[in-house]
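Inside the fold
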Amino acid sequence: MSEIERSTGDTNLPTQRMVPVIQRMGDRDIEVTFLGTNSKGQPTWILWNAHTPYLIGLLSQGGLGFTFEQRTSAGVMLHEHVPLQRVQRAISS
């Protein structure tokens, strides 16, 4: 896994395709990988738990903020048109 980079400081979403970056969100290490653009032309990232192979969700950036499809124990939660800080709070809780 030498290709995984570690981010320092504030969360900056990576823009290099298919290169995972470990970012600290709250008290969790999150592996963020830029996938490119989706069918709507929006930049899209996939988020994994950095310590165990657990999918956290899919993040895409639209004109009014981010859309985050979060995997939870109760099923999938969809957060639409939210700022990145709200996504970070959802992930870190």
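Because the structure is a prediction, the values reported are computed rather than measured.

Here is what the cut-offs are and how they apply
Sequence positions are assigned chain by chain, starting from 1 and proceeding in written order. Where local features are concerned, this predicted model is filtered to residues with pLDDT of at least 70; where side-chain atom pairs are given and counted, the filter is 80 or more; whole-chain, interface and lining totals use all residues. With hydrogens and water set aside, each side-chain value is computed from the structure's full complement of heavy atoms. Secondary structure is summarised from DSSP: a helix means a run of H or I of at least four residues, a strand means a run of E of at least two, and numbering begins at the N terminus for each. Note on exposure labels: buried denotes an accessible area under 20% of the residue type's maximum, exposed denotes more than 50%, and partly exposed covers the range between, all computed with a 1.4 Å probe on protein chains only. Values of pLDDT, ranging from 0 to 100, describe the predictor's confidence in every residue of the model. Here a residue-residue contact requires only that any non-hydrogen atoms of the pair lie within 4.5 Å. By nonpolar core we mean a set of buried residues, namely Ala, Val, Leu, Ile, Met, Phe, Trp, Tyr and Cys, connected to one another through side-chain atoms within 4.5 Å. We define a salt bridge as a contact between a side-chain nitrogen of Lys or Arg and a carboxyl oxygen of Asp or Glu at a distance within 4 Å. Note that patches include only residues with greater than 30% relative accessible area and no salt bridge, and the join distances are 9 Å for like charges and 5 Å for nonpolar side chains (Val, Leu, Ile, Met, Phe, Trp, Tyr). The Shrake-Rupley method, run with a 1.4 Å probe, gives the accessible areas here. Residue values count only the displayed protein chains as cover. Between any two strands, at least two bridges found by DSSP are needed for them to pair. In this scheme Phe, Tyr and Trp rings, the latter by its six-membered ring, pair at centre separations within 6.5 Å, and the angle between planes marks the pair as stacked below 30 degrees, edge-to-face above 60, and tilted otherwise.

1. Focus on the side chain of Thr-33
Position of Thr-33 relative to the elements: it lies in strand E3 (residues 28–37). The buried category is assigned to Thr-33, whose relative accessible area is 7%.

2. Here we look at the confidence of the model for the protein chain
For the protein chain, the average pLDDT comes to 85, and 87% of its residues sit at 70 or higher. Contacts from residues 1–9, a stretch scored under 50 in pLDDT, to residues over four places away or in other chains number 15 contacts.

3. Description of the nonpolar core
Across soluble globular proteins, nonpolar side chains show a tendency to be buried alongside one another. One finds Trp-45, Leu-47, Leu-59, Val-87 and Ile-91 to be the most contacted residues of the largest nonpolar core, which totals 15 residues. Looking at this core, the elements that each hand over two or more residues are E3, strand E4 (43–49), strand E5 (55–62), strand E6 (65–72) and helix H1 (84–92).

4. Here we look at the pattern of salt bridges
Following the criterion strictly, the structure yields one salt bridge and no others. The partner of Asp-29 in a salt bridge is Arg-24, with the nearest N and O atoms 3.1 Å apart. According to the relative accessible area criterion, Asp-29 is buried, its value standing at 10%. Take Arg-24: its relative accessible area is 47%, and that puts it in the partly exposed class.

5. Some words on a nonpolar patch on the surface
Taken together, the side chains of Met-18, Leu-35 and Leu-58 present a nonpolar region at the surface, about 240 Å² in accessible area. Following the sequence through the fold, Met-18 ends up in the loop between strand E1 (5–6) and strand E2 (21–25). Under the relative-accessibility criterion, Met-18 is labelled exposed at 53%.

6. Quick word on the pairing of E5
Regular strands place their side chains on alternate faces of the sheet. One ladder, built from five bridges, connects E4 with E5; its direction is antiparallel. In the sheet register, Thr-44 faces E5, and the bridge partner there is Ser-60. The hairpin formed by E4 and E5 contains five residues between the paired strands. Between E5 and E6, which pair antiparallel in sequence order, lie two residues.

7. Brief notes about the environment of Leu-59
Position of Leu-59 relative to the elements: it lies in strand E5. Sequence separation between Leu-59 and Trp-45 is 14 residues, and the spatial gap between their C-alpha atoms is 5.1 Å. Setting aside residues up to four positions removed in sequence, Leu-59 forms contacts with Leu-13, Pro-43, Thr-44, Trp-45, Leu-47, Phe-66, Thr-67, Phe-68, Leu-84 and Val-87.

8. Observations concerning the packing of aromatic side chains
Applying the stated criterion across every chain, the model contains two aromatic pairs. When the ring of Phe-34 is compared with that of Trp-45, the centres are 5.5 Å apart and the planes differ by 50 degrees; the resulting orientation is tilted. Residue Phe-34 is found in strand E3, and its partner Trp-45 is found in strand E4; the two are separated by eleven residues along the sequence. Neither residue differs from the other here; Phe-34 and Trp-45 are each classed as buried. Ring geometry for Trp-45 against Phe-66: centres 6.4 Å apart, planes inclined by 50 degrees, an arrangement best described as tilted. Here the residue Trp-45 occupies a position in strand E4, and Phe-66 occupies one in strand E6, the gap between them amounting to 21 residues. For Phe-66, a relative accessible area of 9% puts it in the buried group. By the ring-pair criterion, three or more aromatic residues cluster together here, those being Phe-34, Trp-45 and Phe-66.

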